[in-house]
Amino acid sequence: MPSRPAAAARAHLAGSRGGPQVTHRESHAIVERLGAALSTAGFPPMPSRVFAALLVDEDGRMTSAELTEELSVSPAAVSGAVRYLTHVGLLRRERERGGRRDVFVVLDDAFHGALTNTDQTYAGMIQALADGVEHLGAGSTAGARLQLSREFLEFVTDEMSGIIDRWEAYKAAR
């Protein structure tokens, strides 16, 4: 599928779904506001802006060149940001049909996958905490602190399946 200029693609953000027409300037303001909010929440700034741009894009698909143009940043900045976002599960990389360019795609429910993938996210930390408790001893103050942290992460991991079930029920009912 051939690429389209990023600005033109977002000039009609909601128009194809019957929503209000959104100008490029308005969509850019949304991207910057959302990117800033994500940064405030702890995401690195450039991945925040790239993720926001993909969320705001009507089809949620952009090439590196489109992201570079949309955000007025270097290709290297986009490359690092998409590497980070792919790693944390907020987007996936696809190849354009018949082309050689990668397209970065955000899922409609992107936060779901990233935030509920606790087994992979926390497994290394839980093991490192367990190793620390074994090394320091559960009776030491530091060992007790590590043990409490480990138990918390195990609790979060166990509870996540219930949260996922409730979310799926919510989505089905809305």
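Everything discussed here concerns the structure shown above.
Please read these numbers as outputs of a predicted model, since none were measured by experiment. (Residues numbered from 1 in each chain as written. Predicted model: local features only at pLDDT ≥ 70, side-chain atom pairs only at ≥ 80, totals over all residues. Heavy atoms only, no water.)

Caption draft 1: Up close: the overall build of the protein chain. Secondary structure assignment for the protein chain yields 8 helices and 3 strands. Put simply, the protein chain runs from its N terminus to its C terminus through helices and strands in the order α-α-α-β-α-α-β-β-α-α-α. The buried share among the 174 residues of the protein chain stands at 30%. Partitioning the intrachain contacts of the protein chain with sequence separation of at least 6 by distance along the chain shows that 55% fall at a separation of at least 24. For the protein chain, the computed accessible surface area is about 10500 Å², with 58% contributed by carbon and sulfur atoms. (Helix = DSSP H or I, 4+ residues; strand = E, 2+ residues; numbered from the N terminus. Buried < 20%, exposed > 50% of the residue type's maximum accessible area, 1.4 Å probe, protein only. Contact = heavy atoms within 4.5 Å. Areas by Shrake-Rupley, 256 points an atom, 1.4 Å probe, with all protein chains shown as cover.)

Caption draft 2: Main features of the environment of Asp158. On the secondary structure map, Asp158 appears in helix α8 (residues 141-173). For the pair Asp158 and Thr118, spaced 40 residues apart in sequence, the C-alpha to C-alpha distance is 8.9 Å.

Caption draft 3: Region of the structure containing the nonpolar core. Ranked by internal contacts, the top residues of the largest apolar core, which has 22 residues, are Val50, Phe51, Leu54 and Leu67. For this core, the elements supplying multiple residues, two or more each, are α2 (24-40), α3 (45-56), α4 (64-71), α5 (75-87) and α6 (110-116). In terms of residues, this core owes the most to one element, α3, which gives 6 residues. Contacts of Val50, omitting those with residues within four sequence positions, involve Leu67, Leu71, Ala81, Val82 and Leu85. (Core = buried A, V, L, I, M, F, W, Y, C linked by side-chain atoms within 4.5 Å.)

Caption draft 4: Inspection of the pairing of strand β3 (residues 102-105) at higher detail. With 3 bridges joining them, strand β1 (residues 61-63) and β3 adopt antiparallel strand pairing. When the sheet's bridge partners are listed, Arg61 is paired in β3 with Val105. From the end of strand β2 (residues 92-95) to the start of β3, which pair antiparallel, there are 6 residues, and Gly98 there has a positive phi angle of about 70 degrees. (Pairing = 2+ DSSP bridges.)

Caption draft 5: Here's a closer look at the packing of aromatic side chains. If you walk through the whole model with that rule in mind, you get 2 aromatic pairs. Ring centres 5.3 Å apart and planes at 90 degrees place the aromatic pair Phe51 and Phe111 in the edge-to-face group. A residue pair is termed long-range when its members are at least 10 positions apart, and Phe51 in helix α3 and Phe111 in helix α6 qualify at 60 residues. Classification of Phe111 as partly exposed rests on a relative accessible area of 35%. Each ring, one from Trp167 and one from Tyr170, has its centre 5.3 Å from the other, and the planes form 25 degrees; the classification is stacked. A residue pair is termed a helical-turn pair when its members lie 3 or 4 positions apart in one helix, as Trp167 and Tyr170 do in helix α8 at 3 residues. Trp167 sits in the partly exposed class, given a relative accessible area of 31%. (Phe/Tyr/Trp six-rings, centres within 6.5 Å; stacked < 30°, edge-to-face > 60°.)

Caption draft 6: Highlighting the sheet that holds β3. The strand order across the open sheet built from 3 strands is β1-β3-β2, with neighbouring strands paired in antiparallel fashion. Across the chains shown, the open sheet's two edge strands, defined by having one partner strand only, are β1 and β2. This sheet shows a mean twist of 35 degrees between the axes of neighbouring strands, independent of strand direction. Note that β2 and β3 share 4 bridges and pair antiparallel. Within the sheet, the bridge partner assigned to Glu94 lies in β3 and is Val103. (Axes fitted to C-alpha atoms, helices over the stretch in contact; angles between N-to-C directions.)

Caption draft 7: Representation of α3. The terminal C-alpha atoms of α3 lie 17 Å apart, and with 12 residues this matches the ideal 16 Å at 1.5 Å per residue to within 8%. Of all 12 residues in α3, 9 are buried, a share of seventy percent or more. Pro47, Ser48, Arg49, Val50, Phe51, Ala52, Ala53, Leu54 and Val56 are the residues of α3 that are buried. Looking at the buried side of α3, the elements it contacts are α2, β1, α4, α5, β3 and α6. (Expected span 1.5 Å × (residues − 1).)

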